Each structure stands twice: as structure tokens, then as C-alpha cells.
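Breakdown of the fold
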Amino acid sequence: MPSPLSDFRLRPVAIGSLTLPNPVILAPMSGVTDAPFRRCVTRLGAGLVVSEMTASGDLAEGCPDALLRAEGQGVGIHVVQLAGCEARWMGEGARIAEAAGAEVIDINMGCPARQVTGGQSGSALMRDLDHATSLIEATVAAVAVPVTLKMRLGWDDRSINAPELARRAQAAGVRLITVHGRTRCQFYKGRADWAAVRAVKASVSIPVVVNGDISSCEDATQALAASGADAVMVGRAAQGRPWWPGQLARYVATGRREEPPPIATQLAIIDRLYDEMLSHHGREKGRRHARKHLASALDAAAETAVVSGEVLKAHRARVLTAEDPVSVRRHLADVYAAFADLLHCSPPQAGGGGVCERMAA
């Protein structure tokens with residue numbers, strides 16, 4: 001079956017001299033895209049994964065949390081995303097990331113969070129393109145690896161300046177641009193305007209990535225068609241579903257949709273991720289950090305097994321309130337076994353109960 005996006009098989013996406021294996025990228029998400037999650041998504045087929053946003057000043061000062069966020073062993077092409085508002089710290093943070101193994105530095109000019117924009121970082125930089133350009137120039141000048149940029153359409157509907165920032169970024173040496181199809185003032189409300197990204201694509205010759213509300217194969221098809229972009233970036237849809245970017249990449253290549261992995265496979269994925277998080281963050285911090293991943297994974301499993309909200313709620317409570325990792329893993333195994341049983345039970349028949357058809361071993 002030919003892919004509805006077959007043109008993308010003929011247009012490899014390159015970041016400088018680095019060529020992506022496919023045009024599906026995992027978005028940077030604070031508290032989500034740590035090294036274990038990025039490794040997991042890479043193993044399952046994503047074309048590129050990006051680190052959590054890391055404050056350039058914290059990285060330059062050797063803050064342990066910042067250094068941990070920038071770690072990227074086993075993630076494929078290692079991309080570290082930096083945020084900041086001072087050229088000196090952006091340059092120094094980029095140098096440290098490069099020395100630690102980063103193969104690409106991504107600059108965040110898209111984060112809408114008040115604690116970020118309040119410090120004149122993230123999408124606040126779209127209100128001052130001269131200053132934004134000076135930060136890009138300092139970052140590019142500091143490193144030998146390619147630099148990329150993530151932005152929004154603008155600060156608000158009255159200042160849609162993404163095409164102008166993209167032109168300036170390309171002139172300063174940026175090698176790829178990602179655009180989230182909302183303004184900062186929209187936060188995550190409404191729908192991403194994929195068509196508005198087309199003006200950015202028309203303004204530059206480097207690859208452009210479209211981002212925002214891409215949670216299905218149809219979304220990806222429409223986003224690429226509307227924007228003319230070279231690749232898609234997926235974020236929230238991958239939480240609890242680390243296999244989704246890889247499935248989308250294969251859809252782009254072949255046109256074939258894939259069902260979610262079997263429940264047993266989903267358990268194996270989340271169990272390995274949990275183990276890697278404990279090792280990466282340490283036992284205590286790892287347990288806390290993993291809870292959001294466990295919660296999202298349970299949601300995904302419940303959706304696969306068509307489990308009711310009440311049943312899911314009871315199972316979630318047992319998993320997410322367990323403190324000891326051994327107990328957590330035991331409860332996870334029990335939950336997924338129960339979901340597998342429900343998945344293989346036929347609907348109740350007239351005059352009798354349902355018939356369970358257990359999967360052969």
C-alpha cells in the first residue's frame with residue numbers, strides 16, 4: 001500500500017551533516033523526556049528525540065539536575081535543548097552540552113510557561129527579535145555541532161512573527177526550525193494552526209518541523225499537508241505510549257497503520273522504563289519521577305483493553321500509591337494480567353455470561 005505521505009520517503013531530513021532515520025521527532029517535555037524515556041522512544045523507532053528543556057545558566061554552573069537532564073547515552077542523535085535569556089550563558093551552556101556529548105543544540109523560544117517567560121526566556125523572546133537573534137548567534141558561535149530552534153507562531157495573534165524569526169535564525173546559522181502552531185498566549189488552548197506554519201516554511205530553505213496536536217496518523221497527514229513541513233514533532237500523544245512515534249514513522253513510510261502493542265508487550269516496555277528510571281534518578285527520586293509515566297501507561301493499557309474508568313481508577317490507586325519498587329512491579333504485573341483477561345473476554349451473550357477466551361501461551 002503506497003503511503004499517503006510517500007514524498008517524505010524521498011526527502012530525508014538533515015540537521016547539518018546529520019541525517020534523521022525518519023521524519024518523526026519526539027518533543028522536549030519537562031518532567032517527561034528524561035534520558036530513560038528518550039532511550040525507550042528511540043528503541044521503538046522515533047527518528048529523533050529531544051531532551052527536557054535545560055536552563056543554560058544551571059548547566060554552565062554545573063547544577064546536578066541540569067547535568068542529568070542533558071544526559072543522552074543511547075538516545076540516537078543526542079539533542080540537548082537549552083533555554084535562557086543571556087548570550088553569555090547560552091554560549092557557555094552550549095559548550096558544556098557539546099563537551100558532554102550533545103550532537104545537536106536546540107534553543108527553546110517556544111515554552112509558554114509563566115515561570116519561563118517571566119524570566120524573559122522561552123516564548124517571551126518572540127517579543128524582542130533583536131535579543132532573540134543575539135542569543136542564537138552566541139549559541140551558534142560557541143559550538144561546532146548544529147544548532148536548531150523551537151518557537152511558536154508569535155507572542156499573540158497581533159504579533160505573528162515566526163517567519164521573521166525563522167529568517168533571522170537561518171541567517172545566524174540555525175540548521176532546522178520547529179514551529180508549534182499556537183501563539184504563546186494560547187498556551188495549549190484551541191487547536192494548533194498547522195497552516196500558519198506554511199509561512200515559516202516559505203521563508204527559509206532549511207528543514208521545518210510542524211508541532212502541536214499531532215496524536216493520530218490522520219493528524220500527521222493533515223499537519224504535513226497544511227504546513228508543507230519536512231517533519232512532524234509529537235509530544236503529549238507519546239506519554240504512556242512510547243511506541244507511538246515509531247508507529248507513526250512506519251505509517252509515514254508505508255501507509256500502514258499499526259494497532260497498539262499487545263498488553264504483554266506494553267507491560268514489558270513500562271517495566272523496563274521503570275527500572276531505567278530508578279537507575280537514572282536514584283531510587284527515591286526515580287520512584288516519584290516514574291509515577292506520571294506509570295499513570296499514562298496504565299491509561300494506554302486501559303484504552304487497549306477497553307477498561308471502564310472505575311476499573312482503571314482502582315488499579316491506578318494500587319500502583320501509584322505503592323512505595324516499594326518490588327510492590328510497584330508486582331501490582332503492575334497484576335494490573336496488566338487483569339487487563340489482558342478483560343481484553344480476551346467476549347461480550348455477554350443473551351441469557352448467559354461472557355465467555356473468556358484466553359490467549360494461548
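Residues numbered from 1 in each chain as written. Predicted model: local features only at pLDDT ≥ 70, side-chain atom pairs only at ≥ 80, totals over all residues. Heavy atoms only, no water.

1. Topic: the packing of aromatic side chains
Worth spelling out the cut-off: When two rings of Phe, Tyr or Trp (its six-membered ring) have centres within 6.5 Å they constitute a pair, described as stacked for plane angles under 30 degrees, edge-to-face for angles over 60, and tilted for the intermediate range. Secondary structure elements follow DSSP: runs of H or I of four or more residues count as helices, runs of E of two or more count as strands, with numbering from the N terminus. Buried, partly exposed and exposed residues are distinguished by accessible area as a fraction of the type maximum, computed with a 1.4 Å probe on protein chains only: under 20%, between the cut-offs, and over 50%, respectively.
Per the stated rule, a full pass over the model turns up one aromatic pair. Look at Tyr336 and Phe339: their rings are 6.4 Å apart centre to centre, the planes differ by 45°, and that puts the pair in the tilted class. On the criterion of helical spacing, the pair formed by Tyr336 and Phe339 is a turn pair, its members being three residues apart in helix α14 (residues 325-343). The pair formed by Tyr336 and Phe339 is uniform in burial state, with each residue classed as buried.

2. Comments concerning the side chain of Arg39
The cut-off we apply is this: Contacts are assigned to residue pairs with any non-hydrogen atoms lying within 4.5 Å of each other.
Mapped onto the fold, Arg39 is located in helix α1 (residues 35-43). With near-sequence residues (within four places) excluded, Arg39 lies in contact with Gln73, Gly74, Val75 and Glu276.

3. Points about empty space enclosed by the protein
Our working definition: The distinction between a cavity and a pocket rests on a 1 Å grid over the protein atoms alone: a 1.4 Å probe fits inside a cavity but cannot get out, while a pocket stays open yet meets protein on both sides within 12 Å along at least five of seven lines, and a residue with an atom within 4 Å of a point counts as lining. Grid points are joined across faces, edges and corners, and a volume is the space filled by probe spheres set on the points. Amino acids outside the nonpolar list (Ala, Val, Leu, Ile, Met, Phe, Trp, Tyr, Cys, Pro) and the charged list (Asp, Glu, Lys, Arg) are all regarded as polar, and Gly is one of them.
All told, the structure shown has four cavities of 30 Å³ or more when counted by the stated rule. In this structure, the largest cavity occupies an estimated 90 Å³ of space. If you trace the largest cavity, you find 14 residues lining it, with Val50, Asp106, Thr148, Thr178 and Met233 closest to the centre. A per-class count over the lining of the largest cavity returns 10 nonpolar, two polar and two charged. What the second largest cavity holds in volume is close to 50 Å³. Lining the second largest cavity are Tyr274, Arg287, Arg291, Leu294, Val319, Ala322, Glu323 and Val328. Top element by residues in the lining of the second largest cavity is helix α12 (residues 283-305). It accounts for three residues.

4. Here we look at the sheet that holds strand β7 (residues 147-152)
Operational definition: At least two bridges found by DSSP between two strands are what make those strands a pair. All axes are obtained by fitting lines to C-alpha atoms, using only the stretch in contact for helices, and the reported angles, taken between N-to-C directions, cover 0 to 180 degrees.
The eight strands are arranged β3-β4-β5-β6-β7-β8-β9-β10 in a closed barrel whose pairing can be described as parallel. Strand-to-strand twist of the sheet, defined as the mean angle between neighbouring strand axes without regard to direction, takes the value 25°. Here strand β5 (residues 78-83) pairs with strand β6 (residues 104-109) via four bridges, running parallel. When the sheet's bridge partners are listed, Gln81 is paired in β6 with Asp106. Contacts between helix α7 (residues 162-172) and the sheet are confined to β6, β7 and β8 (176-180), with β7 contributing the most and set at about 170° to the helix.

5. Details of the environment of Ala60
Looking at the secondary structure, you find Ala60 in helix α2 (residues 56-60). With 109 residues separating them along the chain, Ala60 and Ala169 place their C-alpha atoms 23 Å apart. Not counting the four nearest positions on each side in its chain, Ala60 is found in contact with Trp89, Glu92, Gly93 and Ile96.

6. Some points on α7
Among the residues of α7, those classed as buried are Ala162, Pro163, Leu165, Ala166, Ala169 and Ala172. Lining the buried residues of α7 we find β6, α6 (129-142), β7, β8 and α8 (198-203). Immediately beyond the C-terminal end of α7, within one or two residues, lies Gly173, with a positive phi of roughly 115°.

7. A short note on the layout of surface pockets
It is a probe the size of a water molecule, rolled over the atoms, that shows where empty space is left. Of the voids in this model, the largest pocket is the one considered here, and its volume is about 600 Å³. Residue lining of the largest pocket: 30 residues in total, with Ala27, Pro28, Met29, Lys150 and Tyr188 positioned closest to the centre. Where the lining of the largest pocket is concerned, the elements lending two or more residues are α5 (114-117), β7 and β10 (231-234). Considered class by class, the residues forming the lining of the largest pocket number 14 nonpolar, 11 polar and five charged. Forming the boundary of the second largest pocket are 14 residues, of which Trp244, Gln247, Glu258, Pro260 and Glu303 lie nearest the centre. Contributing elements (two or more residues each) for the lining of the second largest pocket: α10 (244-254) and α12. By residue number, the principal contributor to the lining of the second largest pocket is α12, which donates three residues. Of the residues assigned to the lining of the second largest pocket, the class counts are five nonpolar, four polar and five charged.

8. A few points about the pattern of salt bridges
Inclusion rule: By definition, a salt bridge exists where a carboxyl oxygen of Asp or Glu is found within 4 Å of a side-chain nitrogen of Lys or Arg.
As enumerated under the stated definition, the model contains 25 salt bridges in all. Here Glu276 and Arg39 are joined by a salt bridge, their closest N and O atoms 3.3 Å apart. Here Glu276, found in helix α11 (residues 263-281), pairs with Arg39, found in helix α1; they are 237 residues apart in sequence, far enough to count as distant. By the burial criterion, Glu276 is buried, and Arg39 matches it. As a salt-bridge pair, Asp213 and Arg191 come within 3.9 Å of each other at their nearest N and O atoms.

9. Let's talk about the packing of α11 against α14
As a reminder, the rule being used: These descriptions rest on fixed angle ranges, namely under 35 degrees for roughly parallel, over 145 for roughly antiparallel, 65 to 115 for roughly perpendicular, and the rest for oblique. Each helix crossing is assigned a hand: it is left-handed if the near helix lies turned anticlockwise from the far helix by less than a right angle, otherwise right-handed if that turn is clockwise.
Relative to each other, α11 and α14 sit at 165°, their axes nearing to 10 Å. Of the possible angle classes, the one that applies to α11 and α14 is roughly antiparallel. The way α11 lies across α14 gives a crossing that is right-handed. Along the contact surface, α11 presents Ile263, Gln266, Leu267, Ile270, Asp271, Tyr274, Asp275 and Leu278, while α14 presents Pro325, Val328, Arg329, Leu332, Ala333, Tyr336, Phe339, Ala340 and Leu343. Partitioning the contact of α11 with α14 into residue classes produces 13 nonpolar, one polar and three charged.

These figures capture arrangement, not role.
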